[in-house]
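Observations on chain architecture
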Amino acid sequence: MNNMIDYKSLMVQAQEARKKSYSPYSHFCVGAALLTKSGKVYTGCNIENAAFTPTNCAERTAIFKAVSEGEREFEAIAIVGGKETQEGGFCAPCGVCRQVIAEFCEKDFQIVLGNENKYKVYTLDTLLPFSFTKSNL
Ligand code: THU
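Now for a description of the structure that goes with this document. On a predicted model such as this, the values are computed, not experimentally measured, just so you know.

**Observations concerning the packing of helix α2 (residues 58-68) against helix α3 (residues 95-104)**
- Running from N to C, α2 and α3 point in directions that differ by 25°, and their axes come no closer than 9 Å. Between α2 and α3, the interaxial angle falls into the category roughly parallel. Crossing geometry of α2 relative to α3 is assigned as left-handed. For the pair formed by α2 and α3, the contact residues are Glu59, Arg60, Ile63, Phe64 and Val67 on the first element and Val96, Cys97, Val100, Ile101 and Phe104 on the second.

**What to know about the site of the ligand**
- In the vicinity of the ligand, 13 residues are found, and the nearest of them are Asn46, Glu48, Cys57, Ala58 and Glu59.
- In this structure, an oxygen atom belonging to the ligand sits 2.5 Å away from a side-chain N or O atom of Glu59.
- In this structure, Ala92 approaches the ligand through a main-chain N or O atom, which is 3.3 Å from an oxygen atom.
- Protein coverage of the free-state accessible area of the ligand, which is 370 Å², stands at 79%.

**Details of the environment of Glu84**
- Looking at the secondary structure, you find Glu84 in the loop between β3 (74-83) and α3.
- The partly exposed category is assigned to Glu84, whose relative accessible area is 45%.
- Along the sequence, Glu84 and Cys29 sit 55 residues apart, while their C-alpha atoms lie 5.6 Å from each other.
- Contacts of Glu84, omitting those with residues within four sequence positions, involve Arg18, His27 and Cys29.

**Looking at the state of the cysteines**
- All chains considered together, the criterion is met by zero disulfides.
- With no disulfide of its own, Cys45 lies closest to Cys29 among cysteine sulfurs, the gap being 9.0 Å.
- Given the relative accessible area of 11%, Cys45 is considered buried.

**Remarks on the sheet that holds strand β2 (residues 41-45)**
- One open sheet holds the five strands; their spatial order is β2-β1-β3-β4-β5, and the pairing between them is mixed. Looking at which strands have only one partner, the edges of the open sheet turn out to be β2 and β5 (119-123). Taken over all neighbouring pairs, the strand axes of this sheet differ in orientation by 20° on average, direction set aside.
- Strand direction decides the pairing type here: strand β1 (residues 28-36) and β2, joined by five bridges, are antiparallel. Bridge pairing in β2 places Gly31 opposite Cys45.
- Taken strand by strand, helix α1 (residues 7-18) contacts β1, β2, β3, β4 (110-114) and β5, and its axis lies near 45° from that of β3.

Thresholds, definitions, all that
- Residues numbered from 1 in each chain as written.
- Predicted model: local features only at pLDDT ≥ 70, side-chain atom pairs only at ≥ 80, totals over all residues.
- Heavy atoms only, no water.
- Axes fitted to C-alpha atoms, helices over the stretch in contact; angles between N-to-C directions.
- Helix = DSSP H or I, 4+ residues; strand = E, 2+ residues; numbered from the N terminus.
- Parallel < 35°, antiparallel > 145°, perpendicular 65-115°, else oblique.
- Left-handed = near helix turned anticlockwise from the far one by under 90°.
- Contact = heavy atoms within 4.5 Å.
- Near = heavy atom within 4 Å.
- Polar contact = N/O pair within 3.5 Å; in protein donor to acceptor, adjacent residues only side chain to side chain.
- Areas by Shrake-Rupley, 256 points an atom, 1.4 Å probe, with all protein chains shown as cover.
- Buried < 20%, exposed > 50% of the residue type's maximum accessible area, 1.4 Å probe, protein only.
- Disulfide = S-S within 2.5 Å.
- Pairing = 2+ DSSP bridges.

Right, dumping it as structure tokens:
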């Protein structure tokens, strides 16, 4: 936990982003809100595709939006997901998203899972131990 971060606000923004989810195949809607070290928030939703493989997760949408705008330093990400007929809730990031997060974020990067009323904060190191990153090259 980092007392400077408004986790609840980040979660609310992830819930808002989830409403934009394009998931006609899985009907599983995910939203993410990524906080930069400069205090900006970039949101993202999952975007599916008829060919399945091009599907992009909400976390990567948010990260790619931010990086494409020149941001590379991040503090935290809130993620919320669930079936479209249900309220968003706990949704752990997939392995690919964890690896993309590891490209830009330190081990103490905060990953907030749950919803705006009940969430838990994890570090990147907890969710992706023994990671392979640029420091290995
Ligand atoms: N999904 C995400 O957007 N983020 C995750 O962390 C897990 C999975 C999406 C991908 C796909 O559109 C749907 O959820 C079902 O896997």
